[in-house]
Amino acid sequence: MSQYIFILVWIAAMFFLKSVMSGGYRVENILGKKEYRVSWGFAAFAFCPVVIMATFRGDMGDSYAYKTMFRNLPNTISGLLNYIPSVTKDKGFSALSGIIKCIFGSNDVVYFCVLASIQAIILVTIYRKYSTNYLLSIFLFIASTDYLSWMFNGVRQFAAVTIIFASTKFMLEKKWVPTILMILLASTMHQSALVMIPIVIIVQGKPWNKRTILFLSAALVAVTFVNQFTSILDNMMQETQYANMVNDWTLWGDDGTNVFRVLVYSVPTILSLIGLKYIHYENDPVINFCANMSIVSTGLYIISMFTSGIFIGRLPIYASLYNYILLPWEIDHMFTKKSSKIMGLFMVVAYLAFYWYQVVITW
């Protein structure tokens, strides 16, 4: 339990350090606008404990399965080239793991360190560049327990998620060829990444446009006719690695994503609707994009609440990472200076309560 408390104390210390620092900022060009951003050194330093914890994770979550997979991989390039054709799914992740083994050796602690470092570099890069409050974005990533759910547990899928997250610039600039290539690369890590091909089209434009409203409406229809939806989903998945998905979640007693998690992840979406006039007034392409991503993640979470938390509930992470850029902006721009401080404090307390609920009660 001490490590779960330590990471929060560390973030609090970083907030204090930032408040007393003189300088430590850089002016950068973000989509044609000059913005102040924290220095690279400070940004990386603030995230370091997450990487260290992910490195020395023990057997938390799926770690034992990843250790076993890693130990069974060949430790030479020629052996890896012969091995990869025998892998039946997500060959890209096996290839990445094999390359790490060939370069860094067979120590699984080093393996987890390299994986966590790659993911951390991407997260730090994107949040530092696009968030108006980098430390608050990192706090939200931690307090939401995403760092535990993904950097300690669903590592294979999070490899795919971070590859797509790294392509944020391409998506914002509507560079479709590199965007699709990044998604296809991510799909070799985890096939679920292909869901992002329609999503990157849906999230373009102003928030709450016709496409996003249609998507959210489709999610509500799917929930209303959940039995028909699961039958259609089962038929669609027959030729993929998720062929028995519906049957599996039924056999495992998977009763969907916890309602509290759905509510927490929906807050940025709800605020984006309440304060839509502020978003339209600023017309910031980053915030427009993040708001639409938030709407998509909420729609997927609503579906997962009535179907499967294990399968459907893993899809929103491709879009929900953008909540941690959107929410700090909403707190700063949708309220008066005094009210934003109160709302910011309320948000921190609420996320800490959720963190405690997830770590102590749920897990």
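Above this text sits the structure in question.
So, here's what we can say about the structure.

## A few points about the packing of aromatic side chains
Item 1. Per the stated rule, a full pass over the model turns up 16 aromatic pairs.
Item 2. Seen in terms of ring centroids, Y66 and F93 are 5.9 Å apart; in terms of plane orientation they differ by 65°. Their pairing is edge-to-face. In this pair, Y66 is assigned in helix α3 (residues 63–72) and F93 in helix α5 (residues 91–104), connecting sequence segments 27 residues apart. Here Y66 and F93 have matching classes, each one buried.
Item 3. Note on Y111 and F112: the rings are 5.4 Å apart at their centroids and 40° apart in plane angle, and the pair reads as tilted.
Item 4. Taking NZ or CZ as reference, R57 lies 3.9 Å from the ring centre of F112, over its face.
Item 5. R57 extends its terminal NZ or CZ atom over the ring of F152, reaching a point 5.7 Å from the ring centre.

## Topic: the packing of helix α18 (residues 285–306) against helix α20 (residues 323–333)
A pair of packed helices is characterised by two quantities: the angle between their axes and the separation of those axes.
Item 1. At a minimum axis distance of 9 Å, the contact between α18 and α20 shows a crossing angle of 115°. α20 is crossed by α18, and the crossing has left-handed handedness. Judged by residue contacts, V286, I287, C290, A291, S294 and S297 of α18 engage N323, I325, L326 and W329 from α20.
Item 2. Of the residues belonging to the contact of α18 with α20, the class tally is seven nonpolar, three polar and no charged.

Cut-offs applied
Residues numbered from 1 in each chain as written. Predicted model: local features only at pLDDT ≥ 70, side-chain atom pairs only at ≥ 80, totals over all residues. Heavy atoms only, no water. Phe/Tyr/Trp six-rings, centres within 6.5 Å; stacked < 30°, edge-to-face > 60°. Helix = DSSP H or I, 4+ residues; strand = E, 2+ residues; numbered from the N terminus. Buried < 20%, exposed > 50% of the residue type's maximum accessible area, 1.4 Å probe, protein only. Lys NZ or Arg CZ within 6 Å of the ring centre and 35° of its normal. Axes fitted to C-alpha atoms, helices over the stretch in contact; angles between N-to-C directions. Left-handed = near helix turned anticlockwise from the far one by under 90°. Contact = heavy atoms within 4.5 Å. Nonpolar A, V, L, I, M, F, W, Y, C, P; charged D, E, K, R; others polar.

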